[in-house]
Amino acid sequence: MKIEFVASAEAAEVLAVLVHEGRAFVGMGTHLDTATSGGLTKAMTHSRFTGASNSTLIVAAPAGVDASTIVLTGAGDADKFDDLALEAAAGAAYHAVKLSGATSLTIDAFYLSVAQAGRAAFAARLAAYRFLKYRTTLKPAKMPSIETIRVVAADVAAAQAAYAALSPVADAIEFARDLVAEPANVLYPVEFARRVKGLEKLGLEVEILGEKELEKLGFRTLLAVGQGSRRESQVAIMKWNGGAKGDQPIAFVGKGVTFDTGGISLKPADGMEEMKWDMGGSAAVTGLMHALAGRKAKVNAVGVIGLVENMPDGNAQRPGDVVESLSGQTVEVLNTDAEGRLVLADCLWYTQERFKPKFMLDLATLTGAMIVALGLEYAGVFSNSDELADNFLAAAPKVGENAWRMPIPAFYERHIDTPIADVKNTGNGRAGGSITAALFLQRFTNGTPWAHIDIAPVAWVKDSRNPTIPDGAVGWGVRTLDRMVADSYEG
């Protein structure tokens, strides 16, 4: 998608103007209404369009203006108009005309701030994302025709600068979405690691650990998950050194199960194809590191992702196996489908031991129980640090990502105790499954300030209601983490 900023809307092919609830024009809408002899007001009056958020009205071939089409896009209540409302309006405008045959869309942001003009372009770009890599027979009528987004701004150079600050985040979100969308026969652990290695071009330091190195280091719970697969397990370590030399880093850890059959504890066939996105946590961490490097964030940060494939061959781990973790703690594996916590256990211990970070924050599509608890709109937040949890929860609503703090009561620890090992990898039955999973992870943090974000409900969307988020891969977490770092941890 080509993004341009212009000083006027002259010769616009398709022109989008904002309208607040109550059919109140924003910016050049009043001028256009006059130029069309009240045509826009008449069109609204004879429709159900009121300016409500995420609504549009197309006025084709309006007399009196150069634009071939005007898109009235709802900006919602004027008193509640903020960055997210603007993003929804810009995204909705794109979707209204993406299949129209027009090649360019001009968005009127002349009467908005330059920061908002930049954000309108950012939102339209996110809205335009589609994963079409494997669609070879789509008819032209089904392919988006919009190739250029133009944003009318009062100060073109300043608006361009505002967008330039957001563009690296858009790059990172798109990169994360691509990772989540890829099928497992294409994106297996070694290939995922290869793509991470390619981010060195942004200035990241990347280190890849293969199975020989992981065995030598003692990543045995991680390796146990992948031992039933012919695909080699990997750990990718990303470092961004944007802060002062010697400053303690912040650390992010991601679950990267590139496909999860459940192992010997085999999942039902129905819906198993969706388990290609069981690496959404690693995609979010990788996307964050991409964003930090892309915008040259003033912080030292580390990203560690554990990449495995959980398969059920003759070498796979069995229910009842006892495995020694990198921490030295032993784990009884009661269910091989509770595998993500085994991957994270070694990665969390390694991260705190090697990097001594200010905090660790992990993201994982960890439990179906999280979906039962919160539905499909919220991620769950578990933490031993009020400060870290508060910083995450403060950032999330600013970028339109929902999260809810969950309890991790110490008296639930008994549910993961076992007489044969130090800990077992599942609780007693289904009750509190996301909580016992978090308590399991906490045992591998060694007292480091830590938060666990269970993104099982939000990593993949089947019916998105947000114009800037596609059906399928969301890239959830990249924006929240980047905003949290910017607001709370950059020097």
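Everything discussed here concerns the structure shown above.
Residues numbered from 1 in each chain as written. Predicted model: local features only at pLDDT ≥ 70, side-chain atom pairs only at ≥ 80, totals over all residues. Heavy atoms only, no water.

Turning our eyes to something else, we now look at the nonpolar core. Judged by nonpolar contacts, the single largest core of 103 residues is most densely connected at Leu 105, Phe 252, Leu 361 and Ile 453. Broken down by element, the residue count for this core peaks at 12 residues, all from helix H5 (residues 156-181). Excluding residues within four positions of it along the chain, Phe 252 makes contact with Val 285, Leu 288, Val 302, Gly 303, Val 304, Phe 359, Leu 361, Leu 481, Met 484 and Val 485. Core analysis: the next-biggest nonpolar cluster, separate from the first, contains 46 residues, Val 225, Val 323, Met 360 and Leu 441 among them. (Core = buried A, V, L, I, M, F, W, Y, C linked by side-chain atoms within 4.5 Å. Buried < 20%, exposed > 50% of the residue type's maximum accessible area, 1.4 Å probe, protein only. Helix = DSSP H or I, 4+ residues; strand = E, 2+ residues; numbered from the N terminus. Contact = heavy atoms within 4.5 Å.)

Moving on: the pattern of salt bridges. By the definition in use, this model includes 29 salt bridges. Glu 274 is paired through a salt bridge with Lys 462; the nearest N and O atoms lie 2.7 Å apart. Here the residue Glu 274 occupies a position in the loop between strand S10 (250-260) and helix H9 (280-294), and Lys 462 occupies one in the loop between strand S19 (460-461) and strand S20 (472-473), the gap between them amounting to 188 residues. You can call Glu 274 partly exposed: its relative accessible area is 21%. (Salt bridge = Lys/Arg side-chain N within 4 Å of Asp/Glu carboxyl O.)

Here Ile 453 shows up in strand S18 (residues 450-454). Judged by relative accessible area, which is 0%, Ile 453 ranks as buried. For Ile 453 and Phe 382, which are 71 residues apart along the polypeptide, the C-alpha to C-alpha distance reads 6.5 Å. When sequence neighbours within four positions are dropped, the list of residues in contact with Ile 453 reads Leu 361, Asp 362, Leu 363, Ala 364, Ala 379, Gly 380, Val 381, Phe 392 and Trp 476.

On to the sheet that holds strand S13 (residues 330-333). An order of S12-S13-S17 is seen for the 3 strands of this open sheet, with the pairing classed as mixed. Edge positions in the sheet fall to strand S12 (321-324) and strand S17 (423-424), since each has one partner strand and no second. (Pairing = 2+ DSSP bridges.)

Attention shifts here to the packing of H5 against H9. Look at H5 against H9: their axes get within 8 Å of each other, and the N-to-C directions meet at 155 degrees. Comparing the axis directions of H5 and H9 gives the class roughly antiparallel. Two packed elements cross with a definite hand, and for H5 against H9 that hand is right-handed. Contacts between H5 and H9 involve Pro 168, Val 169, Asp 171, Ala 172, Phe 175, Ala 176, Leu 179 and Val 180 from the former and Gly 280, Ala 283, Thr 286, Gly 287, His 290, Ala 291 and Gly 294 from the latter. Here the residues of the contact of H5 with H9 sort into 9 nonpolar, 5 polar and 1 charged. (Axes fitted to C-alpha atoms, helices over the stretch in contact; angles between N-to-C directions. Parallel < 35°, antiparallel > 145°, perpendicular 65-115°, else oblique. Left-handed = near helix turned anticlockwise from the far one by under 90°. Nonpolar A, V, L, I, M, F, W, Y, C, P; charged D, E, K, R; others polar.)

Okay, helix H12 (residues 386-395) next. Those residues of H12 that fall on the buried side of the exposure criterion are Leu 388, Ala 389, Asn 391, Phe 392 and Ala 395. Down the axis of H12, the buried side of the element spans an arc of 160 degrees, and every buried residue falls inside it. Set apart from the buried face of H12 by more than 90 degrees, the exposed residues are Asp 386 and Glu 387. Packing partners of the buried residues in H12 comprise strand S14 (360-364), strand S15 (379-383), strand S16 (403-405), S18 and helix H14 (478-488). (Arc of directions from axis to C-beta.)

That's the geometry; what it means functionally is another story.
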